[in-house]
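# A structural walkthrough
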Amino acid sequence: MNPIISKQNTVQKRFLEMRFSPRMIRWVDLAGQRAAPIGVLVVFLVAAIFAPAFYNPTNLKTVAIQMAVLGIVAVGQTLVLLVRSIDLSVGAVLALGAVIVVQTESGSSIFVSLIQAFAIAGAIGLANGLLITKRRVPPFVASFGMMWFIQGARLAYTKGQASGTVPDLLRAISIEQVGFIPAALLVFLLVNATVFFVIKYTRFGRWIYAVGGNPSAARYAGIKTDAVVIVAHVVCSVFALLGGLVLSGYIGYVDLRLGTDYNMNSIAASIIGGTTFTGGRGNLFGTAAGVLLLISLLNLVVVLGLPIHWQYAMQGLVLVSATALQGLRQYLLSR
Amino acid sequence: MVTTTNEQIASQSFWRKVMTFVRNNVSILLIYGLIVLVGGATAIFSENFRQFSNLVSLFRQSIVLGLIAIGQSVVVLTGGMDMSVAMIARIVTLIVATIFNIHSSDTIILPMILLGVGVGASIGAFNGFLVTRTHANPFIITFGVASALRGIGLAISNVPIRGVPSGYLSIYDARVAGIPVNVYAMIIIWALAYIFTTRTRAGRALFAVGGSERVARLSAIRVNKTLILTYVISGIFAALAGLFLLARTGVGDPSAAEGMDFQSVVAVPLGGISLYGGKGSILGTLGGVLLLGLLSNVFNIVQIDVYYQQLLLGLIVLIAVAAYRSPRSL
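Since we're looking at a predicted model, the values are computed, not measured.

## What to know about the overall build of chain A
Helix and strand counts for chain A come out as 14 helices and 2 strands. Expressed as a percentage of the 335 residues in chain A, the buried residues total 52%.

Encoded structure:
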């Protein structure tokens, strides 16, 4: 008796069992959309009760800057997820860009190295996009291989040593304050406003949702689907680099571990904010809420004085539950 | 001469058979051809590489990745992916090492191996449960599980754990006829894995599910059970890799198996298994594993700077994934 092969009537019974009531489907859909804002409220409430130090102005500034960095990266990640792709090379791009800009010798201008860094980031995004659209490599494998390659390039470039000083310009866009708001937060808001405008009011924005929602229909409607996916990847890499610049301005040095968590966290933030892996669903407000949720959770671990491994556990928990929720939501909605 | 003799017909059909065989096994022939090419070229230039002991140790170094890659292949054949394998291996290493640290004796070796395999199987079952019940993206959800496991690993220990009994180390050291026992074991395990995927019902069900879940379901294959089974198998093999690592290093290393998740994901398509599932052979994965091991061995012989090694490997991986053909599904 082989357990894999079952009798016909059992198969039919399993089909019948898979019915979900409309009320449950609506509930899961709503939970998928509102999970991040509700989670943020809960975390803030818990912080108010158990860790008042969370509301310390210094700590709030830390949260704001960390949120800005992850937020900038997550905007790009959301765009890529919206077109049914994924980018696991953001963490590596972020670190590579920071290294290039920080390690400028005194001879060359900061603007030259900035242009170099952005050109490299664009090229990486282009390569990701081409691999995914023209060679039909699964997105996570293509971008994961790219991450491996970029990290190798950075290692070959720096010989494994952290060095260089952070230019003043980078400090200006991250840690300096305008009034009581850190400049990083302003960069984050600017990026969000621009991308929000583009995906809401321009033709390209509609294309992104169309390609993610149903690629073949989008192609029949005359949209160059491959081009849309490639552009999304280029934008994502460029934003990852921008995030890296803000981050290196904030922490003031560049080390080897820089950027390792950003792959997973940017995906987790997008997903818990209501973006699905199957594309076409999601928005920037949700992503921003997801970023705030994740960052304040990780910060709470520090403020409460828990050991650092709780951060990994927290990240994993958020990612697993968010993915599970969105997977179920997508499955129920698409039946 | 117009008449065709029987011999000619026979030889024609022989060549046709050969051609069909080549066409059906292009990726496997390619990977083993590459191994022979790289290995042969190195053997000509390097005295040390030609040594029998070096070849044996090359094979022995591939065992950890080999074990993990068997599990990964089984998962990928169904169209899934398991990114938690490296962390499962690490957790198993740390748990077993911690218990050995408390009670270091040869008598509990067998129970510890069973415990390790049990831990791996249960994490795998949890992965399978998540994937089948929530219909979530397996890659991401196992990535999340890996992150949680990384945290648990740090919680167990962030310094090497000592106290592994000497009997346990013989898993790595024991030899029969000059060749380590684990090399024989590895060959047997690969043979069993090949038989499992090609000759058993459950093994064929993997291909059916990977080809099309819908068709598999209509063919009365229990899709969810098959999927959970694959993640359990993957967890068990990851646990075995962790147990082997413990025997190799002799201490519970808190950074054990770092990067193995990615390497296993690379070895699988390198050997020709489609990442969309349903196509390929586990023998190809063995080729991929051996090629990766061979390359790092060659890098050391040619004395390529360690900083450039990752760059080169990354380049090879990108070329490999770009070169393989996948279905035009849209």
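## Quick look at the overall build of chain B
A count of helical and extended segments in chain B gives 16 helices and 2 strands. When its C-alpha atoms are laid out on the principal axes, chain B stretches across 85 × 55 × 40 Å. A buried classification covers 45% of the 330 residues belonging to chain B. For chain B, the share of sequence-separated contacts (at least 6 apart) that also reach a separation of at least 24 residues comes to 80%.

## A closer look at the interface of chain B and chain A
Accessible area lost upon the coming together of the parts is a frequently used measure of interface size. Facing 44 residues of chain B, the contacting portion of chain A comprises 47 residues. Within the residue set of the side of chain B that touches chain A, elements represented by two or more residues are α7 (109-134), α8 (138-156), α11 (201-211), α13 (223-249), α14 (260-270) and α16 (306-323) of chain B. Of all the elements, α8(B) adds the most residues to the side of chain B that touches chain A, at 13 residues. The residue makeup of the side of chain B that touches chain A, split by class, is 29 nonpolar, 10 polar and 5 charged.

## With respect to helix α5 (residues 110-133) of chain A
Here α5(A) contains 24 residues, and its C-alpha end-to-end distance of 34 Å stays within 8% of the 34 Å for a straight helix at 1.5 Å per residue. Lining the buried residues of α5(A) we find α4 (90-102), α6 (139-158) and α11 (225-251) of chain A together with α16 of chain B.

## Here we look at the packing of α4(A) against α11(A)
All names here are of chain A. Between α4 and α11, the least distance of the axes is 7 Å, while the angle of their chain directions is 55°. Taken together, the axes of α4 and α11 lie oblique to each other. Relative to α11, the crossing made by α4 is right-handed. On α11, the residues that touch Val90, Val93, Leu94, Ala95, Gly97, Ala98, Val101 and Val102 of α4 are Cys236, Ser237, Ala240, Leu241, Gly243, Gly244, Leu245, Leu247 and Ser248. The residue inventory of the contact of α4 with α11, partitioned by class, reads 12 nonpolar, 5 polar and no charged.

## Remarks on helix α15 (residues 282-301) of chain B
Each full turn of the α-helix corresponds to 3.6 residues, which orients residues three or four apart in the same direction. Between its first and last C-alpha atoms α15(B) spans 29 Å; for 20 residues at 1.5 Å apiece the expected length is 28 Å, and the two agree. Positioned one or two residues after α15(B), Gln303(B) has a phi angle of 60°, which is positive.

## Focus on the nonpolar core
The biggest cluster of nonpolar side chains holds 200 residues, and the ones touching the most others in it are Ile72(A), Ile68(B), Ala89(B) and Ala241(B). The dominant element in this core, judged by the number of residues it contributes, is α13(B), at 17 residues.

## Topic: unusual backbone geometry
Positive phi outside glycine occurs at Arg136(A), with the angle close to 55°. Within the secondary structure layout, Arg136(A) lies in the loop between α5 and α6.

What counts, and at which threshold
Residues numbered from 1 in each chain as written. Chains lettered and ligands numbered in written order. Predicted model: local features only at pLDDT ≥ 70, side-chain atom pairs only at ≥ 80, totals over all residues. Helix = DSSP H or I, 4+ residues; strand = E, 2+ residues; numbered from the N terminus. Buried ≥ 20, exposed ≤ 12 C-beta atoms within 10 Å, placed from the backbone. Contact = placed C-beta atoms within 7 Å. Nonpolar A, V, L, I, M, F, W, Y, C, P; charged D, E, K, R; others polar. Expected span 1.5 Å × (residues − 1). Axes fitted to C-alpha atoms, helices over the stretch in contact; angles between N-to-C directions. Parallel < 35°, antiparallel > 145°, perpendicular 65-115°, else oblique. Left-handed = near helix turned anticlockwise from the far one by under 90°. Core = buried A, V, L, I, M, F, W, Y, C linked by C-beta atoms within 7 Å.

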